[in-house]
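For reference, the chains in residue letters:
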Amino acid sequence: MTSRQALILATLGSAGMMLAALAFQYLGGMPPCKMCYWQRYPHIAALLIGSAALVLRQRYLLLLGALAAAVTSAIGFFHAGVEQGWWEGPTTCTSGPVGGLSAEALLDQILTAPLVRCDEIPWSLFGLSMAGWNAVLSLCLTFCWLYAYRRS
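Analysis parameters
Residues numbered from 1 in each chain as written. Predicted model: local features only at pLDDT ≥ 70, side-chain atom pairs only at ≥ 80, totals over all residues. Heavy atoms only, no water. Helix = DSSP H or I, 4+ residues; strand = E, 2+ residues; numbered from the N terminus. Buried < 20%, exposed > 50% of the residue type's maximum accessible area, 1.4 Å probe, protein only. Areas by Shrake-Rupley, 256 points an atom, 1.4 Å probe, with all protein chains shown as cover. Disulfide = S-S within 2.5 Å. Contact = heavy atoms within 4.5 Å.

## Describing the overall build of the protein
Alright, step 1. In terms of helices and strands, the protein carries 5 helices and 2 strands.
Alright, step 2. When the helices and strands of the protein are read in sequence order from the N terminus, they spell out α-α-α-α-β-β-α.
Alright, step 3. For the protein, the spread of C-alpha atoms along the three principal axes comes to 60 × 30 × 25 Å.
Alright, step 4. The buried share among the 152 residues of the protein stands at 35%.
Alright, step 5. For the protein, the accessible area works out to roughly 9000 Å², and carbon and sulfur atoms hold 69% of it.

## Brief notes about the state of the cysteines
Alright, step 1. One pass over the structure, following the stated rule, counts 0 disulfides.
Alright, step 2. With no disulfide of its own, cysteine 36 lies 3.4 Å from the sulfur of cysteine 33, the closest cysteine sulfur.
Alright, step 3. Here cysteine 144 stays unpaired: no disulfide links it, and the sulfur of cysteine 140, its closest cysteine neighbor, is 7.3 Å away.
Alright, step 4. Exposure remark for cysteine 144: the relative accessible area of 16% places this residue in the buried category.

## Notes on the side chain of histidine 79
Alright, step 1. Tracing the sequence through the fold places histidine 79 in helix H3 (residues 59-84).
Alright, step 2. Excluding anything up to four places from it in sequence, histidine 79 contacts Cys33, Met35, Cys36, Gln39, Cys118 and Ala131.

Listed below in structure tokens is the structure:
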């Protein structure tokens, strides 16, 4: 595989991940949580970086693409851990204890809570949630970017 082919594969991989996320959201009726959005931003960056790298042929852009893919992979691994209960996620999108709250504070917490929680798994395949799949596949994309860099 040439450097250009690896670059195209990595860029199209992020495009595919974004299309899948949008399909789950709009066709599957699964709105994203806050951490799901966080995972999308590096894919968008990778798409832009990949497009620029194809045109400008600047080697350093391949490292930036690898960084974007690695960031979304890391967020995906963190999100999957939150879903599995291995660690706590951001308090703004996970459930927490309600003890010690007044009725007014509890009502305020309920009314300001997001509709989609980060610690619930809306879909999984072979034991991996969407966040888990993003983590694994984005890690593969990171290696595609690094392969493209090494071969360039």
